[in-house]
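Below, each chain spelled out in residue letters.
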Amino acid sequence: MRRLVVLRPEHGASATVERARAMGLDALAMPLFEIVPLAWDVPDPGTFDALLLTSANAVRHGGDGLRQLRALPAHAVGEATAGAAREAGFDIATEGDGGVERLLNSVPVGLRLLHLCGEHRSAVPTNHAIVPVPVYRSVELAASGDLRRIEGAVVAVHSPRAGERLAELADQLRVDRTSVQIAAISEAAASAAGDGWAMCEAAASPDDAALLALAARLCDKAVTT
């Protein structure tokens, strides 16, 4: 069985590795980014109907400003995000499990949403009025020769930015792409990783569970073919 390498930042990397190991996979974390908080001004809560939370990092790194927004119900993408929001004192109105687009399609049309997000985010077509406020940043970590350990492994790519960074570092370190299989969380993440890999597939839906299901199949496939 091939090893699974998880590139996402902490705390997410450890959570994904733990789920993968519970599935019987040989998994390790090798983050390409570090999450750091940003200074931000808290908008007037009265101008919004609810919060939109697409990452637990927004809650973990939002700081004291979050207290002023607790009266707003939260629509959260994923169990981890919803859990972090509850711990921070927010009421969860919706907990989506299939990405932000599916979540937005499940809530009443026309809501004024305050999106606490990262500095790098992808716009999603929607009928809601969404105001993004970045509260954290993903900072690239320096290149490390350890990344050569992905040779012969399956690599989980959780975002287009991670795919771009992986491709860049693979070229810098002269990683043999033909020995690496990519399990990407979306078609955009798969495309960002570029060409030349032994295999590069996108998960059936943009969530950790679907990504790990794909990764498990690729890890097993290496044994049976």
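See above for the structure.
Residues numbered from 1 in each chain as written. Predicted model: local features only at pLDDT ≥ 70, side-chain atom pairs only at ≥ 80, totals over all residues. Heavy atoms only, no water.

1. Some points on unusual backbone geometry
Going from Glu 10 to His 11, the amide bond is cis rather than trans, its omega being 15°. The topology assignment puts His 11 in the loop between β1 (4-6) and α1 (12-22). (Helix = DSSP H or I, 4+ residues; strand = E, 2+ residues; numbered from the N terminus.)

2. A word on the state of the cysteines
Here a disulfide denotes a covalent bond joining the sulfur atom of one cysteine to the sulfur atom of another. Within the structure shown, the criterion is met by zero disulfides. Take Cys 200: it sits in no disulfide, and the sulfur closest to it among the cysteines is that of Cys 219, at 14 Å. A residue is classified by how much of its surface remains accessible, and Cys 200, at 31% relative accessible area, is partly exposed. (Disulfide = S-S within 2.5 Å. Buried < 20%, exposed > 50% of the residue type's maximum accessible area, 1.4 Å probe, protein only.)

3. Regarding the sheet that holds strand β3 (residues 33-37)
One open sheet holds the six strands; their spatial order is β3-β8-β7-β4-β5-β6, and the pairing between them is mixed. Of all the strands in the sheet, just β3 and β6 (92-96) have a single pairing partner and so form its edges. Averaged over all pairs of adjacent strands, the angle between their axes in this sheet comes to 25°, without regard to strand direction. Relative to strand β8 (residues 129-140), β3 is paired through five bridges, and the arrangement is antiparallel. Residue pairing across strands places Val 36 opposite Arg 137, the latter belonging to β8. (Pairing = 2+ DSSP bridges. Axes fitted to C-alpha atoms, helices over the stretch in contact; angles between N-to-C directions.)

4. Quick look at helix α5 (residues 160-172)
Taking 1.5 Å of rise per residue, the 13 residues of α5 would be expected to cover 18 Å, and the 19 Å separating its terminal C-alpha atoms lies within 8% of that figure. Within α5, burial applies to Ala 162, Gly 163, Arg 165, Leu 166, Ala 167, Leu 169 and Ala 170. Positive backbone phi, at 55°, marks Arg 174, one or two positions downstream of α5. (Expected span 1.5 Å × (residues − 1).)

Function cannot be read off these values alone, since they describe shape.
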